[in-house]
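Listed below are the residues making up each chain.
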Amino acid sequence: MVPWLIKNIERVSKWSGLSASWLVVPLVVVVVYEVIARKFFTPTTWAFDLAYILYGTHFMILAAYCLLKGKHVRTDIFYGSWSPRTQGLVDSILYILLFLPGMCFFFWLSWDFFYESLLVWERSTFSPWRPIIWPFKLVIPVAVALLILQGIAELLKSIRRARGKEVPSIITEEVSEGVFYES
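Heads up: these notes are all about the structure in this document. Keep in mind that this is a model prediction, so the values were computed, not measured. (Residues numbered from 1 in each chain as written. Predicted model: local features only at pLDDT ≥ 70, side-chain atom pairs only at ≥ 80, totals over all residues. Heavy atoms only, no water.)

Some remarks on unusual backbone geometry
Glycine aside, negative phi is the norm for most residues, and most peptide bonds take the trans geometry. Operational definition: Numbering of helices and strands runs from the N terminus; a helix is a DSSP stretch of H or I covering at least four residues, while a strand is a stretch of E covering at least two.
In the Ramachandran plot, W121 falls in the positive-phi region, its phi being about 50° despite a non-glycine side chain. Looking at where W121 falls in the secondary structure, it is placed in the loop between α4 (84-119) and α5 (134-162). A positive phi angle, close to 50°, is found at R130, a residue other than glycine. As for its placement among the helices and strands, R130 is situated in the loop between α4 and α5.

Have a look at this one:
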């Protein structure tokens, strides 16, 4: 049951990360269009807002994918020299005591942040374009929910590692099958 759960959570993180990575394409188009318009025509009123909305969404949604890939910041002064069982034990404790409670609290706060924005149909006050921003604020609790899900998978993997068991992961499967290429 646990390996199945870990792999399915990781599939969600991978799918959301790879999907969100495509936001770079419209982001580049918007920025290039604005540069050309500013140089040869009239600057737009919407390009800056759209660029920060696209980039913010890209950045936040990719957090769970980064956790899946182990790309978040970690201080390895001691950690790297520990045995896999000790690493799993320390990771388990930290996920239970710090990561998951912190992320659940952040989810609760971000949901209120989004919901208040939705109720008043909030618009940006920093732009003459004044876009509706509740959809952008919805990205925050969605990103945190994805991060919590991946955190649960990481907790389950660290518990298995602390017990000396094999740790299932879609990343290790893809590497062994030659599907995944690290840059």
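Details of the pattern of salt bridges
Basically, it comes down to this: Think of a salt bridge as a Lys or Arg side-chain nitrogen and an Asp or Glu carboxyl oxygen that are within 4 Å of each other.
Scanning all chains against the criterion turns up 5 salt bridges. Its salt-bridge partner being E10, residue K157 comes within 2.6 Å of it at the nearest N-O pair. Here K157, found in helix α5, pairs with E10, found in helix α1 (residues 2-21); they are 147 residues apart in sequence, far enough to count as distant. Between E122 and K137 there is a salt bridge, and its shortest N-O distance comes to 2.6 Å. Placement of E122 in the loop between α4 and α5 and of K137 in helix α5 is noted, with a sequence separation of 15 residues between them. Through salt bridges with shared partners, a single network forms among E10, E154 and K157.

A few points about the layout of surface pockets
Put simply, the rule reads: Points on a 1 Å grid, built from protein atoms alone, make a cavity when a 1.4 Å probe fits but cannot get out and make a pocket when they are open with protein on both sides within 12 Å along at least 5 of 7 lines; residues with an atom within 4 Å of a point are the lining residues. Grid points are joined across faces, edges and corners, and a volume is the space filled by probe spheres set on the points. As a working rule, the residues Ala, Val, Leu, Ile, Met, Phe, Trp, Tyr, Cys and Pro are called nonpolar, Asp, Glu, Lys and Arg charged, and the rest polar, with Gly in that last group.
Looking at the second largest pocket, its volume works out to about 230 Å³. If you trace the second largest pocket, you find 14 residues lining it, with F59, M60, A63, H72 and L147 closest to the centre. If you list the elements that add at least two residues to the lining of the second largest pocket, you get α3 (47-69), α4 and α5. Here the lining of the second largest pocket takes 6 residues from α3, the largest share from any one element. For the lining of the second largest pocket, the class distribution of residues is 11 nonpolar, 2 polar and 1 charged.

A few points about the nonpolar core
Applicable threshold: Throughout this description, the term nonpolar core refers to a set of buried Ala, Val, Leu, Ile, Met, Phe, Trp, Tyr and Cys residues connected via side-chain atoms within 4.5 Å. For every residue, the accessible area (1.4 Å probe, protein chains only) is compared with the maximum for its type, and the residue is labelled buried under 20%, exposed over 50%, or partly exposed between those bounds.
Counting 23 residues, the largest nonpolar core has M60, I61, F99, M103 and L147 as the members making the most contacts within it. Judged by nonpolar contacts, the second largest core, of 5 residues, contains L27, V30, A47 and A51.

Here we look at the packing of α4 against α5
What counts here: Orientation is described by lines fitted to C-alpha atoms, with helices fitted over the stretch in contact, and by angles between N-to-C directions that extend from 0 to 180 degrees. The scheme is simple: roughly parallel for angles under 35 degrees, roughly antiparallel for over 145, roughly perpendicular for 65 to 115, oblique for anything else. Should the near helix be turned anticlockwise from the far one by less than a right angle, the crossing is left-handed, and should it be turned clockwise, the crossing is right-handed.
Packing of α4 against α5 brings their axes to within 8 Å, and their N-to-C directions diverge by 165°. Here α5 runs roughly antiparallel to α4, going by the angle between their axes. As for how α4 packs across α5, the hand of that crossing is left-handed. Across the contact of α4 with α5, the residue classes tally to 26 nonpolar, 6 polar and 5 charged.

Here's the deal with a nonpolar patch on the surface
The test is simple: Only residues whose relative accessible area exceeds 30% and that form no salt bridge are eligible for patches; like-charged ones are grouped when within 9 Å, while nonpolar side chains (Val, Leu, Ile, Met, Phe, Trp, Tyr) are grouped when within 5 Å. The method behind every accessible area is Shrake-Rupley, applied with a 1.4 Å probe, and residues are considered shielded solely by the protein chains displayed.
On the surface, V24, V28, V32, I36, F40 and F41 cluster together into a nonpolar patch covering about 590 Å² of accessible area. Its location among the elements puts F40 in helix α2 (residues 24-40). Classification of F40 as exposed rests on a relative accessible area of 59%.

Considerations on the packing of aromatic side chains
Put simply, the test is: Each Phe, Tyr or Trp ring (for Trp, its six-membered ring) is paired with any other whose centre lies within 6.5 Å, and the angle between the two planes then decides the class: stacked below 30 degrees, edge-to-face above 60, tilted in between. Charge over a ring is defined by NZ of Lys or CZ of Arg lying within 6 Å of the ring centre and within 35 degrees of the ring normal.
Scanning all chains against the criterion turns up 11 aromatic pairs. With a centroid separation of 6.2 Å and an interplanar angle of 35°, the aromatic rings of Y55 and F59 are classed as tilted. With Y55 and F59 both in helix α3 and 4 residues apart, this pair spans about one turn of that helix. Taking the centre distance of 5.3 Å and the plane angle of 55° together, the rings of W121 and W134 count as tilted. Here W121 is found in the loop between α4 and α5, whereas its partner W134 is found in helix α5, with 13 residues between them in sequence. Three or more aromatic residues joined by ring pairs form one cluster here, namely F107, W111, F114, W121 and W134. Positioned above the aromatic ring of F113, the side-chain terminus of K137 is 4.0 Å from the ring centre.

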